[in-house]
Amino acid sequence: MKHLYVTALIALFLTSPLAPDTAFAQDALPETEAVPEEPTPLIQNAGDTELSEFKWAARVLVVFADSPLDPSYSDQIALLEDRPDALLERDVVVLTDTDPAARSPIRTALRPRGFALVVVDKDGRVMLRKPAPWNVREITRAIDKTPLRQQELESGR
């Protein structure tokens, strides 16, 4: 008997003028909802990018290798993907270049040999070159020692 009573109440509510009008609710939504922009991925292919594009906007960490199959390259990418927040906090953009034959502008400017990890500060100055993978902690500690980063921290940025 209770089930019949509950079912009748539900049916009465759904047909009453007080019931929410689902057609109206759908019409009330804006036709074009703002789709949140996907953030730029931390790790990008260098391609035809030039270092000057990042001057005063971001620090550039470039990972070079002669092939994407280079074990040092794979290790470095895994280390970077492990703690991306620490890099993003320091305005770091990671670019990769694993094709020496393409002679990208960044490869031409920095002239790596085999695997190389290069960090370029916001002022365009090469602040670090390493022939072996570094973890994010080591990279961020090196960045935090630079005068530009010290100024950012002092100004409360």
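The structure displayed is predicted, hence computed values, not measured ones.

Which parts of the structure should I look at to understand helix α6 (residues 136–144)?
Along an α-helix, residues three or four positions apart point the same way, because every turn accommodates 3.6 residues. Buried within α6 we find V136, I139, T140, A142, I143 and D144. Put simply, N135 is the residue that caps the front of α6, since its side-chain oxygen is 3.0 Å from the backbone nitrogen of R137.

When you look at the pairing of strand β2 (residues 59–64) in this model, what are you seeing that I'm missing?
Counting buried positions along β2 yields six of six residues, so the element is predominantly enclosed. Neither face of β2 is open: one carries R59, L61 and V63, the other V60, V62 and F64, and all of them are buried. Of the strand pairs in this sheet, β2 and strand β3 (residues 92–97) are connected by six bridges, and their pairing is parallel. Within β3, the residue paired with V63 across the bridge is T96.

Teacher, can you tell me more about the nonpolar core here?
If you look at soluble globular proteins, the nonpolar side chains tend to sit buried side by side. If you look at the biggest cluster of nonpolar residues, it comprises 21 residues, and the most contacted ones within it are L61, V63, L80, L87, V94 and I139. Elements supplying a minimum of two residues to this core: β2, α3 (71–82), α4 (84–89), β3, β4 (116–120), β5 (126–130) and α6. If you tally residues by element for this core, the top one is α6, at four residues. With sequence-adjacent residues up to four places away left out, L61 is seen in contact with L80, V92, V93, V94, L95, L117, V118, V119 and I139. Membership of the second largest hydrophobic core comes to 13 residues, among which are A46, A58, I106 and V120.

How each quantity is defined
Residues numbered from 1 in each chain as written. Predicted model: local features only at pLDDT ≥ 70, side-chain atom pairs only at ≥ 80, totals over all residues. Heavy atoms only, no water. Buried < 20%, exposed > 50% of the residue type's maximum accessible area, 1.4 Å probe, protein only. Helix = DSSP H or I, 4+ residues; strand = E, 2+ residues; numbered from the N terminus. Polar contact = N/O pair within 3.5 Å; in protein donor to acceptor, adjacent residues only side chain to side chain. Pairing = 2+ DSSP bridges. Core = buried A, V, L, I, M, F, W, Y, C linked by side-chain atoms within 4.5 Å. Contact = heavy atoms within 4.5 Å.

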